[in-house]
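The residues making up each chain are set out below.
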Amino acid sequence: MNNTARVIEVFPSIQGEGIHAGRRHLFVRFWNCNLACHYCDTDYRGPYREVTQEGLLGEVEILLRQQGPFHAVSLTGGEPLLWASFLKGWLPKLKSLGARTYLETNGTLEPSFKEVSNWIDIVAMDLKPPSATADRSVWTEHEAFLRSAQGTGRELFVKVVVTADTQEEELRQSFSLVARVDPRIPVVLQPVTPWGPVRQTPSEEQITRWTRAGEETLSDVRVLPQMHRILGVK
């Protein structure tokens, strides 16, 4: 079990993505990611601090007390599950403060999730079609992760970032994957916010067609933008 982790920042803000968009969260952004999505708007390999479990807990406790209440403490990145060994020791201490925990993950590290799932309340899983990761297909990892997360009984939803270049075939494969696990799992289609090389968002016609395609096999399909980008907050 590691006593240290690399953290980019700890900050209060509005949750901008998924079914809890608009709620106040306290974010802990961890360094590094195991994927390289072309639309990513986070400098997840930027400057970081090496923190101990005790040091990070103290920092979070102060913010919870001074700026709370928060709906949840959001573990984000990068990919926070790269730090599962650290989280395995840190999360029980965080839960002892009475905090609700919200995991933002790319859903490819199922063994690491199993190490920490007992202390996670909400799982927000990004589903990454091959065109998004720009390197390899992760369908197998996604299905294993989703089944594991569903099996915990924790609150769970899936988010798929869509661009003007998103392939409908990939989306249908995404919907089928979720439906095989449980068609009741909420799926959020998130139109990309123009950033870096990605400049064009999907058209109204694309979004409507894709939503209808999802509703063929799933009971809860929603279209939600990045709220924090619209509000101009971090």
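Let me begin by describing the structure that accompanies this report. Each chain carries its own residue numbering, running from 1 in the written order of its sequence. The predicted origin of the model limits local features to residues at a pLDDT of at least 70 and limits the giving and counting of side-chain atom pairs to 80 or more, whereas totals for whole chains, interfaces and linings rest on all residues. With hydrogens and water stripped out, all remaining heavy atoms of the structure feed into the side-chain values.

### Some words on the nonpolar core
Formally: Here, nonpolar core means buried Ala, Val, Leu, Ile, Met, Phe, Trp, Tyr and Cys residues that are tied together by side-chain atoms lying within 4.5 Å of each other. Only protein chains enter the calculation, and the probe is 1.4 Å; a residue is then buried if its accessible area is under 20% of its type maximum, exposed if over 50%, and partly exposed in between. To qualify as a helix, a DSSP run of H or I must reach at least 4 residues; to qualify as a strand, a run of E must reach at least 2; elements of each kind are numbered from the N terminus. Here a residue-residue contact requires only that any non-hydrogen atoms of the pair lie within 4.5 Å.
Val-28, Phe-30, Leu-56, Leu-75, Phe-86, Trp-90 and Leu-146 are the most contacted members of the largest nonpolar core, which has 53 residues in total. The greatest single-element share of this core, amounting to six residues, is contributed by helix 2 (residues 84–95). Residues within four places of Leu-75 in sequence aside, it is in contact with Val-28, Phe-30, Pro-80, Leu-87, Trp-90, Leu-91, Tyr-102, Leu-103, Glu-104 and Ile-120. Formed by six residues, the second largest nonpolar core is a distinct cluster that contains Tyr-102, Ala-124, Phe-157 and Val-188.

### Topic: the packing of helix 5 (residues 139–151) against helix 6 (residues 168–181)
Heads up, the condition is: Helix axes use the C-alpha atoms of the stretch in contact, all axes being lines fitted to C-alpha atoms, and the angles between their N-to-C directions lie in the range 0 to 180 degrees. What makes a crossing left-handed is the near helix being turned counterclockwise from the far one by less than a right angle; a clockwise turn instead makes it right-handed. Three classes are used, and their members are as follows: Ala, Val, Leu, Ile, Met, Phe, Trp, Tyr, Cys and Pro are nonpolar, Asp, Glu, Lys and Arg are charged, and the others, Gly among them, are polar.
The interhelical angle for the contact between helix 5 and helix 6, taken along N-to-C directions, is 30°, at an axis separation of 9 Å. In terms of crossing hand, the pair formed by helix 5 and helix 6 is right-handed. In contact with Trp-139, His-142, Glu-143, Leu-146, Arg-147 and Gln-150 of helix 5, helix 6 contributes Glu-170, Gln-173, Ser-174, Leu-177, Val-178, Arg-180 and Val-181. Broken down by class, the residue content of the contact of helix 5 with helix 6 amounts to five nonpolar, four polar and four charged.

### What to know about the sheet that holds strand 9 (residues 221–223)
Paired through their backbone hydrogen bonds, the strands of a sheet run either parallel or antiparallel. Spelled out, the test is: Paired strands are those between which DSSP finds at least two bridges.
Spatially, 3-1-2-4-5-6-7-8-9 is the arrangement adopted by the nine strands of the open sheet, whose pairing is mixed. Only two strands of the sheet have a single partner each, and these edge strands are strand 3 (49–52) and strand 9. For this sheet, the mean angle separating the axes of adjacent strands, direction not counted, is 30°. Alignment of strand 7 (residues 155–162) against strand 8 (residues 187–191), held across five bridges, turns out to be parallel. Bridge pairing in strand 8 places Val-161 opposite Gln-190. Across the sheet, helix 6 lies against strand 7 and strand 8, angled at about 155° from strand 8, the strand it touches most.

### Details of the packing of aromatic side chains
In this description, a pair of aromatic rings is defined by centroid distance and the angle of the planes. Worth spelling out the cut-off: Stacked, tilted and edge-to-face are the three classes assigned to paired rings of Phe, Tyr and Trp, where Trp is represented by its six-membered ring and a pair needs centres within 6.5 Å; plane angles under 30 degrees give stacked, over 60 edge-to-face, the rest tilted.
Scanning the model with the defined rule gives six aromatic pairs in all. Ring geometry for Trp-31 versus Tyr-48: centroids 5.1 Å apart, planes at 55°, classification tilted. Taken as a pair, Trp-31 in the loop between strand 2 (24–30) and strand 3 and Tyr-48 in the loop between strand 2 and strand 3 lie far apart in primary sequence, 17 residues in all. Taking the relative accessible area as the measure of exposure, Trp-31 reaches 14% and is therefore buried.

### Describing helix 2
Count 3.6 residues to each turn of an α-helix, and residues three or four apart come out pointing the same way. Under the convention used in this document: In this scheme, a helix's expected span is set at 1.5 Å multiplied by one less than its residue total.
With 12 residues, helix 2 should reach 16 Å at 1.5 Å per residue; the first-to-last C-alpha distance of 16 Å fits that figure. Along helix 2, the residues that are buried comprise Ala-84, Phe-86, Leu-87, Gly-89, Trp-90, Leu-91 and Leu-94.

### Digging into the packing of helix 6 against helix 7 (residues 204–215)
To keep it simple, the criterion reads: Should an angle lie under 35 degrees it is considered roughly parallel, over 145 roughly antiparallel, and from 65 to 115 roughly perpendicular; all remaining angles are considered oblique.
Put simply, helix 6 and helix 7 touch, their axes get as near as 9 Å, and they point 30° apart. With respect to helix 7, the element helix 6 is oriented roughly parallel. Classified by chirality, the crossing of helix 7 by helix 6 is right-handed. Here Glu-168, Leu-171, Arg-172 and Phe-175 of helix 6 come into contact with helix 7, specifically with Arg-209, Trp-210, Ala-213 and Gly-214.

### Side note on unusual backbone geometry
In this structure, the amide linkage connecting Gly-68 to the following residue, Pro-69, adopts the cis form with an omega of 5°. A cis geometry characterises the amide bond from Gly-77 onward to Gly-78, with omega recorded as 5°. Within the element layout of this structure, Gly-78 appears in the loop between strand 4 (72–76) and helix 2. Even without glycine at this site, Asn-32 takes up a positive phi of about 85°. The topology assignment puts Asn-32 in the loop between strand 2 and strand 3.

### Quick look at the pattern of salt bridges
Rules: Note on definitions: salt bridges are taken to be side-chain nitrogens of Lys or Arg within 4 Å of carboxyl oxygens of Asp or Glu.
Taken as a whole and judged by the stated rule, the model has 17 salt bridges. Note that Glu-9 and Arg-29 form a salt bridge whose closest N and O atoms lie 3.1 Å from each other. You can see Glu-9 sitting in strand 1 (residues 4–14) and its partner Arg-29 sitting in strand 2, a full 20 residues away along the chain. Glu-9 sits in the partly exposed class, given a relative accessible area of 21%. The residue Lys-114 makes a salt bridge to Glu-110 at a minimum N-O spacing of 3.3 Å. One end of the pair is Lys-114 and the other is Glu-110, both in helix 3 (residues 110–116) and four residues apart, which spans about a single turn. Exposure remark for Lys-114: the relative accessible area of 53% places this residue in the exposed category. Residue Glu-110 is classed as buried on the basis of its relative accessible area of 15%. When salt bridges that share partners are traced, they join Glu-168, Arg-172, Glu-205, Arg-209 and Glu-216 into one network.

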